[in-house]
Amino acid sequence: MLSIYNTLSRTKEVFTPIEPGKVRMYVCGMTVYDFCHLGHARVMVVFDMVTRWLRASGLDVTYVRNITDIDDKIIRRAAENGEPIRALTDRFIAAMNEDAAALGVLPPDHEPRATDYVPHMQSLIARLEQKGLAYVAANRDVCYAVRKFEAYGKLSGKSVDELRAGERVDVAQGKNDPLDFVLWKHAKAEEPGEVKWDSPWGAGRPGWHIECSAMSSALLGQHFDIHGGGMDLQFPHHENEIAQSEGAHDHAFVNYWMHNGFVRIDDEKMSKSLGNFFTIREVLQKYDAEVVRFFILRAHYRSALNYSDVHLEDARSALTRLYTALKSVPIEGEASVDWDEAHGRRFRAAMNDDFNTAEAVAVLFELANEVNRSASPGLARQLKALGAVLGLLERDPVVFLQAGLPTAAGLDGAAIEARIALRDAAKKARDYAEADRIRAELTAAGVALEDGPAGTSWRRA
């Protein structure tokens, strides 16, 4: 049985869907004013993994990951660029989807844009106002009255008096309480018309937190199974979502809250404010996308993930070992998992233990060692099938092993094969010095030669 660490209870709980056999999951997505960074990559890959495992377990999953396409940062960036907001957000949504596809992330079932759900947000705000949980502040923003929601703080585990207002949003002037947060921002004269919507409270736009409460309830209902996101969203964003949704509807909002750990750069939290972040595109210029996916999944999703070139190189070498095992024992046809086989049982137990991909990957290496020892096509098929559950090992091994060859030496596949032929001729002529020279030349260019009964093959070193 699957157990999930629930941030709300701070314990692992057996997962029981609200509706048997079906799972409804919402994950906070990107604010699209720039290219996605490694922190975004981790969220996308982690919850892609979660979705894949739920489906592999026979569950019918509806996965929603939203897009925030209206936000102070978006407005500022569009103004700096001198372009319409829609042009800016469309461009970065397209880039985000390209990055996600490169990382093997399957599209969510629904990817709502906040700007398409403003009427839903206004209805939710009006309901909160009717219940006495929202009020119009002195500056004409509509704010949520935090202290009127008795359960506020249950996700972060802090009392109201310990909490700070708006870690990611500006503190509005004229609020009744510093903890209160904005539901509807009154329009500023200097803001462009495309960020102003008519409302009962005057022209304006939604606050950040209300967006996710409205979109999730519109697509998944007022009570659903799993809500996920990065650990940085636990407070205030997810805490505020609970206050809004449960305050409006008087019943539970989400049963299981999941949060993935931070990405760290050389043991320091990755942050745009610190200037120590890398975009996905920058990383993919140096490393194969599957290596990056493997690097993310090799760690448990709740642990900190420390990015460095050393760790990425290690991930590349490790993934190479798995593909090398598959290359040594070719298999035909589609590979499906044998869940009764010993490695399949251990893999399933690891994944059912709060999606423990670190242990599941360890099982893949045990299986690869068995494949190398026994040359069993059945075990090779099991290795490929189990890897595919995580979105790994789905390429032709030779394609992976030869991909990403350094271009500095000016070598391509044909040039390498030509040198291998020259080396073979030198060996037949007993000119071993020349054969060794060619091998050394290729090694220096990042090409590893592997001699076997069927001849010499090559891979990226």
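Worth saying up front: this structure is predicted, and the values here are computed from it rather than measured.

### What to know about empty space enclosed by the protein
Scanning the entire structure with this criterion turns up 2 cavities of 30 Å³ or more. Of the volumes computed, that of the second largest cavity is approximately 30 Å³. Along the walls of the second largest cavity sit Asp48, Thr51, Arg55, Tyr63, Leu106, Pro107, Pro108 and Asp109, which together make up its complete lining. Counting residues per element, the lining of the second largest cavity draws most heavily on helix H1 (residues 38-56), at 3 residues. In terms of residue class, the lining of the second largest cavity is built from 4 nonpolar, 1 polar and 3 charged.

### Considering the sheet that holds strand S5 (residues 134-136)
The 4 strands are arranged S5-S6-S7-S8 in an open sheet whose pairing can be described as antiparallel. Where the open sheet ends on each side, the last strands, each with one partner, are S5 and strand S8 (204-206). Across the sheet, the mean angle separating the axes of adjacent strands is 25 degrees when strand polarity is ignored. Note: strand S6 (residues 142-144) against strand S7 (residues 181-186), 3 bridges, orientation antiparallel.

### As for the domain arrangement of the chain
Partitioning the chain into domains gives domain 1 (3-260), domain 2 (265-401) and domain 3 (406-460). Placing the centre of domain 2 and that of domain 3 at their C-alpha centroids yields a distance of 29 Å. Counting residues at the interface gives 5 residues for domain 2 and 4 residues for domain 3. Counting the surface lost from both domain 2 and domain 3, the interface buries some 490 Å², and carbon and sulfur atoms represent 37% of this. Broken down residue by residue, the surface that domain 2 buries against domain 3 is led by Arg316, Lys327 and Leu401, which jointly contribute 67%. Remark: the boundary between domain 2 and domain 3 carries 1 salt bridge. For lysine 327, the salt bridge identified is with glutamate 450, shortest N-O distance 3.8 Å. Connecting domain 2 to domain 3 are 4 residue pairs in polar contact (both at pLDDT 80 or more). Breaking the side of domain 2 that touches domain 3 down by element, the ones donating at least two residues are helix H9 (309-328) and helix H13 (397-402). By residue number, the principal contributor to the side of domain 2 that touches domain 3 is H9, which donates 3 residues.

Cut-offs used in this document
- Residues numbered from 1 in each chain as written.
- Predicted model: local features only at pLDDT ≥ 70, side-chain atom pairs only at ≥ 80, totals over all residues.
- Heavy atoms only, no water.
- 1 Å grid on protein atoms, 1.4 Å probe; cavity = no way out; pocket = protein on both sides within 12 Å on 5 of 7 lines; lining within 4 Å.
- Points joined across faces, edges and corners; volume = space filled by probe spheres on them.
- Helix = DSSP H or I, 4+ residues; strand = E, 2+ residues; numbered from the N terminus.
- Nonpolar A, V, L, I, M, F, W, Y, C, P; charged D, E, K, R; others polar.
- Pairing = 2+ DSSP bridges.
- Axes fitted to C-alpha atoms, helices over the stretch in contact; angles between N-to-C directions.
- Domains from an automatic or database assignment.
- Contact = heavy atoms within 4.5 Å.
- Buried area = accessible area lost by both parts, 1.4 Å probe.
- Salt bridge = Lys/Arg side-chain N within 4 Å of Asp/Glu carboxyl O.
- Polar contact = N/O pair within 3.5 Å; in protein donor to acceptor, adjacent residues only side chain to side chain.

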